[in-house]
Amino acid sequence: MAQKQEEEEKVRLDKWLWAARFYKTRALAKAAIESGKVHHRGERCKPGKEPRIGDEFQIRTGFDEKTVVVQALSIVRRGAPEAQALYAETEASIAKRENAAAMRKAGAMGLSTDGKPSKKQRRDLFKFRGSGNDD
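This text gives an overview of the structure that appears in the document. (Residues numbered from 1 in each chain as written. Predicted model: local features only at pLDDT ≥ 70, side-chain atom pairs only at ≥ 80, totals over all residues. Heavy atoms only, no water.)

A count of helices and strands for the chain gives 6 helices and 5 strands. Shown N-terminal to C-terminal, the secondary structure of the chain runs as helices and strands in the order α-α-α-β-β-β-β-α-β-α-α. Here the chain holds 135 residues, and 24% of them are scored as buried. For the chain, the accessible surface area stands at approximately 10100 Å², while carbon and sulfur atoms represent 50% of it. (Helix = DSSP H or I, 4+ residues; strand = E, 2+ residues; numbered from the N terminus. Buried < 20%, exposed > 50% of the residue type's maximum accessible area, 1.4 Å probe, protein only. Areas by Shrake-Rupley, 256 points an atom, 1.4 Å probe, with all protein chains shown as cover.)

Applying the stated criterion to the full structure yields 7 salt bridges. The shortest N-O distance in the salt bridge between E50 and R52 comes to 3.7 Å. Residue classification places E50 among the partly exposed positions, given a relative accessible area of 27%. (Salt bridge = Lys/Arg side-chain N within 4 Å of Asp/Glu carboxyl O.)

Before going further, it helps to spend a moment on the nonpolar core. In terms of nonpolar packing, the biggest core is built from 19 residues, with W16, L17, F22 and V38 touching the most fellow members. Within the residue set of this core, elements represented by two or more residues are α2 (13–19), α3 (26–34), β3 (56–61) and β4 (64–70). Sort the elements by how many residues they give to this core and α2 lands first, with 4 residues. Excluding residues that lie within four positions of it along the chain, L17 makes contacts with F22, Y23, A29, I33, V38 and I59. (Core = buried A, V, L, I, M, F, W, Y, C linked by side-chain atoms within 4.5 Å. Contact = heavy atoms within 4.5 Å.)

Turning our attention to unusual backbone geometry. Of note in the backbone geometry, R21 takes a positive phi value of approximately 65° without being a glycine. Unlike most non-glycine residues, R41 shows phi in positive territory, near 55°. Inspection of the secondary structure puts R41 in the loop between β1 (38–40) and β2 (43–44).

One ladder, built from 6 bridges, connects β3 with β4; its direction is antiparallel. Within the sheet, the bridge partner assigned to T61 lies in β4 and is D64. The hairpin formed by β3 and β4 contains 2 residues between the paired strands, and G62 there has a positive phi angle of roughly 65°. The sheet contact formed by β4 and strand β5 (residues 87–89) spans 3 bridges and is antiparallel. The residue of β5 that forms the bridge with V68 is E89. (Pairing = 2+ DSSP bridges.)

So, about a positive patch on the surface. Judged by side-chain charge, K116, K119, R122, R123 and K127 come together as a positively charged surface patch. Of note, K119 is situated in helix α6 (residues 119–129). (Patch = residues over 30% accessible without salt bridge, like charges linked within 9 Å, V, L, I, M, F, W, Y side chains within 5 Å. Lys, Arg positive; Asp, Glu negative; His and termini not counted. Charge placed at Lys NZ, Arg CZ, Asp CG, Glu CD.)

By secondary structure assignment, the location of G36 is in the loop between α3 and β1. As for G36 and K46, which are separated by 10 residues in sequence, their C-alpha atoms are 8.9 Å apart. Among residues more than four places away in sequence, those in contact with G36 are R44 and R60.

Limitation: the analysis is restricted to geometry and does not speak to function.
In structure tokens form, the structure reads like this:
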């Protein structure tokens, strides 16, 4: 009986990430882990890693990177409120993520231009670079 309880407590990392709703499918969770988007103690993980309560993971999804602490284990995907009870995001991670979102919204991360150059502006650019046709 004790062995059965231990087996129930064992959860694969890809299943846990799927149950915690970080990824839509378990296959996407596995692909993210294998491509190095999930780190534990600064090192890449494998999909079969068994997360334990109290473990801290860095998870990169899109532009965001979250640092979460495992609060509970589950292999069953349930509603969002129950899934959010499986982990707690660190305060530093929340602040960093909100700051990055504000920077993206302000346009500080990319180049801001007036749009596509006109034909005359393109000719001037080619002339300036010396790559224009000198007919």
